[in-house]
Amino acid sequence: MVDNGDVPNGDKAALLTLYDSYENQAGHISEQEHNSIPKPTAAKIHDAYAKTTNKMDNTKKVLTYGKYYYIREELMNGVRLCPLCGIAQDLTLDHYMPQSKYPALSMFRQNLVPVCSACNRSKNAQPYTDFIHPYYFIPPTLKKIFLNATIKIHKNSLCVFLDIDETAFTDYTVVERLRSHLKGINSEFRLQNAIISFLQECFVGKYNNEKEIINALPSIMDTYQLYGINHWRLAVLRGIYDVYRRGEIDKFIQVLQYITEESRDQAI
Ligand SMILES: [Zn+2]
């Protein structure tokens, strides 16, 4: 959808062409294409973005409604988890192609993605091409698994490595982008930490031995099916079967228990 409220009539056609091009290139335009919009118009569009927020005047205790607040509201409606990391719920609105460099795209809904504040920060610190565009990324097929997790067990710690199965893709640039995406959402180890919390939530204090865990795994996986087979939660649960094949389930549960007790002690 398009909101041309602040755009001079003479530039509307060029803006629509730019939007079409963005859609045709699945979330991308060239700088040259962006330059087809006169700078003052691009600046106007950029300024209009501030009107997508409501502002509270604390001294007068009055809330000023942004003229375009409805855009933010509509885009965030029904989004429960950040589509980039699948970890957090504190949604902000991110410009997939940055508004600083592409001001003419500041109000284009296809370029506005609700993401969590941590992902927003990571994205701002890196080229946008390091991340997938949630509106345009198409998995090879809905049933093909391409995200795998390997759980390594050390003496007192667990390390989980996520990787992309290259054979699932014909276009290697997609593989590279998914790999840099995984790296980007793990800044300050937040994905690793989320994985450990998830494992604790699933297993600690619930199962006592290998047999109980292996018997329970299919139903635990069922609980998370809705996330999609290539969500990291499902990949990590599949990784448990590999731990089982290596004969390390008991060790896995001992270490997980140890980490849980240690973090509890630290909290006290
Ligand atoms: Zn996120």
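Nothing here was measured: the structure is a model prediction, and the numbers come from that model. (Residues numbered from 1 in each chain as written. Predicted model: local features only at pLDDT ≥ 70, side-chain atom pairs only at ≥ 80, totals over all residues.)

**Describing the overall build of the protein**
When its secondary structure is counted, the protein shows 10 helices and 6 strands. Summarising its shape, the C-alpha atoms of the protein cover approximately 70 × 55 × 30 Å along the three principal directions. Within the protein, buried positions represent 25% of all 268 residues. (Helix = DSSP H or I, 4+ residues; strand = E, 2+ residues; numbered from the N terminus. Buried ≥ 20, exposed ≤ 12 C-beta atoms within 10 Å, placed from the backbone.)

**Quick word on the confidence of the model for the protein**
Per-residue pLDDT for the protein averages 93, and the proportion of residues at 70 or more is 97%. When mean pLDDT is compared element by element in the protein, helix H2 (residues 31-34) scores highest at 98, while strand S1 (residues 55-57) scores lowest at 82. (pLDDT = per-residue confidence, 0-100.)

**Here we look at the nonpolar core**
Nonpolar side chains in soluble globular proteins generally cluster together in the buried interior. Cys82, Cys85 and Ala104 are the most contacted members of the largest nonpolar core, which has 50 residues in total. Dropping the residues within four chain positions of it, Cys85 is found in contact with Cys116, Cys119, Ile185 and Leu191. (Core = buried A, V, L, I, M, F, W, Y, C linked by C-beta atoms within 7 Å. Contact = placed C-beta atoms within 7 Å.)

**Here we look at the packing of helix H8 (residues 210-223) against helix H9 (residues 232-245)**
Packing of H8 against H9 brings their axes to within 10 Å, and their N-to-C directions diverge by 165 degrees. The angle between the axes of H8 and H9 places the two elements in the roughly antiparallel class. The interaxial crossing formed by H8 with H9 has left-handed handedness. Residues Ile214, Leu217, Ile220 and Met221 of H8 pack against Leu234, Leu237, Ile240 and Tyr244 of H9. For the contact of H8 with H9, the per-class residue count stands at 8 nonpolar, no polar and no charged. (Axes fitted to C-alpha atoms, helices over the stretch in contact; angles between N-to-C directions. Parallel < 35°, antiparallel > 145°, perpendicular 65-115°, else oblique. Left-handed = near helix turned anticlockwise from the far one by under 90°. Nonpolar A, V, L, I, M, F, W, Y, C, P; charged D, E, K, R; others polar.)

**Let's talk about helix H3 (residues 39-48)**
Listed as buried for H3 are Ala42, Lys44, Ile45 and Ala48. The arc that holds every buried residue of H3, seen down its axis, measures 155 degrees, which confines them to one face. In H3, the exposed positions angled more than 90 degrees off the buried face are occupied by Lys39 and Pro40. (Arc of directions from axis to C-beta.)

**Quick look at the environment of Asn193**
Considering the arrangement of structural elements, one finds Asn193 in helix H7 (residues 190-203). Overall, the presence of 12 C-beta atoms within 10 Å leaves Asn193 in the exposed class. The spacing of Asn193 and Thr17 is 176 residues in sequence and 43 Å in space, taken between C-alpha atoms.

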